[in-house]
Amino acid sequence: MTTIPLVAVVGNPNAGKSALFNMLTGARQKVGNYPGVTVERKAGRLFLPDGRPIELVDLPGAYSLEPSSPDEEVTRDVVLGKQDGERLPDALLLVLDATNLDNHLRFALQLIDLGLPTVVALNMVDLARRDGLEIDPQILERELGVPVIATVAVRRRGTDELREAISEAVTAARVVRPRPVAVEDFTIVQRRARAIARKATISETAVRRTTQLLDSIALHPVAGPIIFLTIMFLMFQAVFAWAVAPAEWIDAGVVSLQTMATGTLNEGPIRSLLVDGILAGVGAVIVFLPQILILFFFILLLEATGYMVRAAFLMDRLMARVGLSGHAFIPLLSSFACAVPGIMATRSIEDPKHRLTTILIAPLMTCSARLPVYTMIIGAFFPDRAVAGAFGLQGLVLFGLYVAGVFGALIAALFLRMTVTRGTPRGFLLEMPKYQLPQLRDIVLGLWQRALIFLKRAGTIILVSTVVLWALLSYPQPKAGETALESSIAGKIASGLEVLVRPIGFNHEIALALIPAMAAREVAVSALATAYSIDAEDEAAAEQPLKEQLRGRWSLPTALAFLVWFVFAPQCLSTIAVTRRETNGWKWPAFMLGYLFTLAWLAAGATFWTATALGL
Ligand SMILES: Nc1nc2c(ncn2[C@@H]2O[C@H](COP(=O)(O)OP(=O)(O)OP(=O)(O)O)[C@@H](O)[C@H]2O)c(=O)[nH]1
Ligand SMILES: [Mg+2]
């Protein structure tokens, strides 16, 4: 009985071995197991141009002949002729990914050095061409000393040439005893691989070269995170530095409207509603439009240049440490705008426990609705001065609050993954887009949409809650010897809530502001503005900027505790609603409310007690 020649398909993982194997064997396949191991043996029948049959085996992907898994061990043993249940192949079909040539050539050189007759399939040349990468098979053939055929396995390109080359390889009946290269030769192999890849690469577009150069910096294990943090840091500096002038214009506009209304309308409920309710409340929030736009200008810019995906890649390592994967990065990043689209974006996460964890920590990402609260308190309590020479103190504090949210989220993820959402981690692959100059038009459009969303919120949710709060604050009217805050309905509710938040340094007005802020966080600002405006002794005091009023009435520990509260507290009904929808029930939103309020109370309390103890 004559045995038919055996050809083994070998190469790095994902080189396209199975695709090529399928292309060559069609439906004539047999799947079994290697004896004694759980590794699958996939074999198929291939017919040469002259009709002779060949047995083809699809080996597991490997990186080298020094195995680090049972799969790689089988691959090594087969090509060395030492595998139980397999004879020494008569030839190797070596599959290389053309887009990843220098990496794949390392293993290829080791295999070619074994001395078995070998045919190289230079696969994925379609993807290489798309990336502007042109490799000359002839040069590669000369350098490697074995035939090289360009293939596109998924489109059956190169089939006939491959059959021809395999036919020649198995016909040249050379008897060889394979010998593996020594391990210490590895760096030499690597250098050879790189040199050959460079020689065989006849054109590489400038785009691809620039992208690779930029990535070697942006994704560098040390430089990468430093660059990322620097960009984030400068972004927050700019949010404060650039917004000063436009915010002042808006503020001046609101004050002149208030003055005009006070001058034209008679004293009474209408004037109070307009001046103390609508203008004070909505005005206090609109002032933050410039800051929100500056923040989004940076985010849109980073997205358009292609940097954002690199940031996701950098974050993947960090995420893996808390039991998440890079898949969670995009939803979490969207949560910096708003947790609602962020939570909806978790649908792309396949693993249900990963997804649930991501949903539960999404509200800890600082959404844009928190920006008005942060910037108001920071503006009131932190002087606009430079720290360490060049950095604005206010931007530094804002950056710190964002970082606190991120750290809170990572720690929460770690705990959740160890308790309620325990499970095994999954791998992560990302396609890196090329770097490009952003289109100004896209950015302007993006900013315009952001501005509209914000103004619409100011015109609806914020306006309504401001008016409702104004009414609750204004009635019933105070009797002699009472302040408006004490007598009003809102004041009574706040007094109840105050019992809970008094220990963490919150006063009556804060307790009051927390209620409507459940509708939208930024309402806390308008609520405080309305409360202090109604409560003011005279008109001059009422028209004082909110900043001044806060400075006069709050201690620094209270202000700090208030900031920290907003980092952690689930002050947003829409987020709770979308969590209910995405998790199909009340269990997880209830859990989210519970753990976040507890976290917020403890963190704000710790801040207040520490700051008080330090005598701030
Ligand atoms: N565009 C393109 N895609 C390809 C080509 N060859 C394979 N692919 C795709 O690349 C992916 C990996 O191919 P596989 O054949 O599974 O790779 P493999 O080498 O068998 O991978 P492992 O078995 O994991 O080692 C699949 O999604 C294929 O469809 C090609 O020439 N062009
Ligand atoms: Mg495979």
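Basis of the calculations
Every chain is numbered independently, its residues counted from 1 as its sequence is written. The order in which chains are written sets their letters, starting at A; the order in which ligands are written sets their numbers, starting at 1. Note on the predicted model: pLDDT of at least 70 is required for a residue's local features to be given, and 80 or more for side-chain atom pairs to be given and counted; whole-chain, interface and lining totals, by contrast, use all residues. Calculation of side-chain values draws on the structure's entire complement of heavy atoms; hydrogens and water are dropped beforehand. Per the convention used, a helix needs a DSSP run of H or I reaching at least four residues, while a strand needs a run of E reaching at least two, with both numbered from the N terminus. Buried, partly exposed and exposed residues are distinguished by accessible area as a fraction of the type maximum, computed with a 1.4 Å probe on protein chains only: under 20%, between the cut-offs, and over 50%, respectively. By the convention used here, residues are in contact when the closest approach between their heavy atoms is within 4.5 Å. Stacked, edge-to-face and tilted labels apply to pairs of Phe, Tyr and Trp rings (six-membered ring for Trp) whose centres lie within 6.5 Å, assigned for plane angles under 30 degrees, over 60, and everything in between, in that order. Here, a charge over a ring is recorded when the distance from Lys NZ or Arg CZ to the ring centre is within 6 Å and its angle to the ring normal is within 35 degrees. Two strands pair if DSSP finds at least two bridges between them. Interaxial angles span 0 to 180 degrees and are taken between N-to-C directions of axes, which are lines fitted to C-alpha atoms, for helices over the stretch in contact. We define proximity as follows: a residue is near a molecule or strand when any one of its heavy atoms falls within 4 Å of that partner. As used in this structure description, the phrase polar contact means that two N or O atoms lie within 3.5 Å; if the pair is within protein, one of them must be able to donate a hydrogen and the other to accept it, and residues adjacent in sequence are counted only when both atoms belong to side chains. To measure how exposed things are, a 1.4 Å probe is used in the Shrake-Rupley method; for residues, cover is taken only from the protein chains shown. Following the grouping adopted for this structure description, the nonpolar residues are Ala, Val, Leu, Ile, Met, Phe, Trp, Tyr, Cys and Pro, the charged ones are Asp, Glu, Lys and Arg, and the polar ones are all others, Gly among them. Any carboxyl oxygen of Asp or Glu that lies within 4 Å of a side-chain nitrogen of Lys or Arg is treated as forming a salt bridge with it. Definitions used throughout: a 1 Å grid over protein atoms alone; a cavity as a set of points that fits a 1.4 Å probe which cannot get out; a pocket as an open set with protein on both sides within 12 Å along at least five of seven lines; a lining residue as one with an atom within 4 Å of a point. Grid points are joined across faces, edges and corners, and a volume is the space filled by probe spheres set on the points. UniProt positions are given in the numbering used here, feature names are shortened, and annotations may be inferred rather than shown by experiment. The set of buried Ala, Val, Leu, Ile, Met, Phe, Trp, Tyr and Cys residues whose side-chain atoms join them within 4.5 Å is what this entry labels a nonpolar core. Roughly parallel here means an angle under 35 degrees, roughly antiparallel means over 145, roughly perpendicular means 65 to 115, and every remaining angle is called oblique.

Asks: Would you mind going over the overall build of the protein chain with me for this structure?
Replies: Check the secondary structure of the protein chain and you find 28 helices and 11 strands. Relative to its 616 residues, the protein chain shows a buried fraction of 52%. Taking contacts inside the protein chain between residues at least 6 apart in sequence as the whole, the part at least 24 apart equals 74%.

Asks: Explain the packing of aromatic side chains here, please?
Replies: Scanning the entire structure with this criterion turns up 12 aromatic pairs. Measuring from ring centre to ring centre gives 5.7 Å for Phe297 and Phe298, while their planes differ by 75°; the resulting arrangement is edge-to-face. We classify Phe297 as partly exposed; its relative accessible area is 28%. Accessibility expressed as a relative area gives 16% for Phe298, which makes it buried. With 6.3 Å between their ring centres and 25° between their planes, Phe381 and Trp554 make a pair best called stacked. Of the two residues, Phe381 sits in helix 17 (residues 370-381) while Trp554 sits in the loop between helix 25 (546-553) and helix 26 (556-568), which places them 173 residues apart along the sequence. Since its relative accessible area comes to 5%, Trp554 is described here as buried. One aromatic cluster is present, formed by Phe381, Phe506, Trp554, Phe562, Trp565, Phe566 and Phe597 through successive ring pairs. Between the NZ or CZ atom of Arg310 and the centre of the ring of Tyr435, over which it lies, the distance is 4.0 Å. It is Arg580 that lies over the ring of Trp586; its NZ or CZ is 5.5 Å from the centre.

Asks: How do you make sense of the sheet that holds strand 3 (residues 40-47) when you look at a structure like this?
Replies: Sheet strands pair via backbone hydrogen bonds, and the direction of the pair is either parallel or antiparallel. Taken in spatial order, the seven strands line up as 2-3-4-1-5-6-8 in an open sheet, and their pairing is mixed. In this open sheet, the two edge strands, each paired with only one partner strand, are strand 2 (29-33) and strand 8 (148-150). Neighbour-to-neighbour, the strand axes of the sheet open up by a mean angle of 25°, direction not taken into account. Where strand 6 (residues 118-123) and strand 8 come together, three bridges link them in parallel fashion. In the strand pairing of strand 8, Val120 is matched with Val148. Helix 3 (residues 101-113) rests against strand 1 (6-11), strand 5 (91-97) and strand 6 of the sheet, and its axis sits at about 170° to strand 5. The strands touched by helix 6 (residues 159-171) within the sheet are strand 1, strand 3, strand 4 (53-58), strand 5, strand 6 and strand 8, with strand 6 carrying the most contacts at an inclination of about 160°.

Asks: What should I look at first to understand the site of ligand 1 in this one?
Replies: Not every one of the 16 residues close to ligand 1 is listed here, only the nearest: Gly16, Lys17, Ser18, Ala19 and Asp126. Here Gly16 contributes a backbone N or O atom positioned 2.9 Å from an oxygen atom of ligand 1. Contact between ligand 1 and Asp126: a nitrogen atom at 2.8 Å from a side-chain N or O atom of the residue. With the chains in place, 67% of the 650 Å² that ligand 1 exposes on its own is no longer accessible. Elements with a minimum of two residues in the shell around ligand 1: helix 1 (17-25) and helix 4 (125-130). Counting residues per element, the shell around ligand 1 draws most heavily on helix 1, at three residues. Across the shell around ligand 1, the residue classes break down as eight nonpolar, six polar and two charged.

Asks: Before we go on, may I ask you to explain the pattern of salt bridges in this structure?
Replies: Where charged atoms from two side chains of opposite charge approach closely, those side chains can pair. Going through the model one piece at a time under the given rule, you end up with 17 salt bridges. Residues joined by salt bridges that share partners form a network here, namely Arg41, Glu55, Glu86, Arg87 and Asp90.

Asks: What should I look at first to understand the layout of surface pockets in this one?
Replies: Rolled over the atoms, a probe sized like a water molecule indicates the empty space that remains. Of the pockets and cavities examined, the second largest pocket occupies roughly 960 Å³. Taken together, 40 residues form the lining of the second largest pocket, with Ala247, Asp251, Val287, Phe288 and Lys547 sitting closest to its centre. No other element matches the seven residues that helix 10 (residues 244-264) contributes to the lining of the second largest pocket. Each residue belonging to the lining of the second largest pocket can be placed in one class, and the counts come to 22 nonpolar, 12 polar and six charged.

Asks: Just to check I follow, could you spell out the pairing of strand 3 for this structure?
Replies: Along any regular strand, the residues point their side chains to alternate faces of the sheet. Pairing of strand 2 with strand 3 involves five bridges; the strand directions are antiparallel. By the bridge assignment for strand 3, Gln29 is matched with Gly44. When strand 3 meets strand 4, the two strands line up antiparallel, connected through six bridges. Looking at the pairing, Ala43 lines up with Val57 of strand 4. Between strand 3 and strand 4, which follow one another and run antiparallel, lie five residues, and Gly51 among them has a positive phi close to 95°.

Asks: Please explain the UniProt feature "transmembrane region" (unreviewed entry) in the protein chain as it appears in this structure.
Replies: As annotated by UniProt and renumbered to match this structure, "transmembrane region" (unreviewed entry) occupies residues 218-243, 278-302, 322-344, 388-416, 454-473, 554-578 and 590-611. Between the end C-alpha atoms of residues 218-243 the distance is 29 Å, and the span holds 77% helix and 0% strand. Regarding residues 454-473, the helix share stands at 100% and the strand share at 0%, and the terminal C-alpha atoms are separated by 25 Å.

Asks: Help me out: how do you make sense of the nonpolar core in this one?
Replies: Nonpolar side chains in soluble globular proteins tend to end up buried together. Counting residues in hydrophobic clusters, the biggest one holds 126 residues, and the most contacted among them are Phe506, Trp554 and Phe562. In terms of residues, this core owes the most to one element, helix 18 (residues 393-418), which gives 11 residues. When sequence neighbours within four positions are dropped, the list of residues in contact with Trp554 reads Ile377, Phe381, Asn507, Ile510, Leu528, Tyr532, Ala559 and Phe562. With 44 residues, the next largest nonpolar core counts Val10, Leu109, Leu116 and Val146 among its residues.

Asks: Help me understand the packing of helix 10 against helix 11 (residues 269-286) in this model?
Replies: Helices that pack against each other are described as a pair by the angle of their axes relative to one another and the distance between those axes. Packing of helix 10 against helix 11 brings their axes to within 10 Å, and their N-to-C directions diverge by 180°. The angle between helix 10 and helix 11 falls in the class roughly antiparallel. Facing Ile250, Val254, Leu257, Gln258, Ala261 and Thr262 of helix 10, the residues of helix 11 in contact are Arg271, Leu274, Val275, Leu279, Ala280, Gly283 and Ile286. Of the residues contributing to the contact of helix 10 with helix 11, the split by class is nine nonpolar, three polar and one charged.

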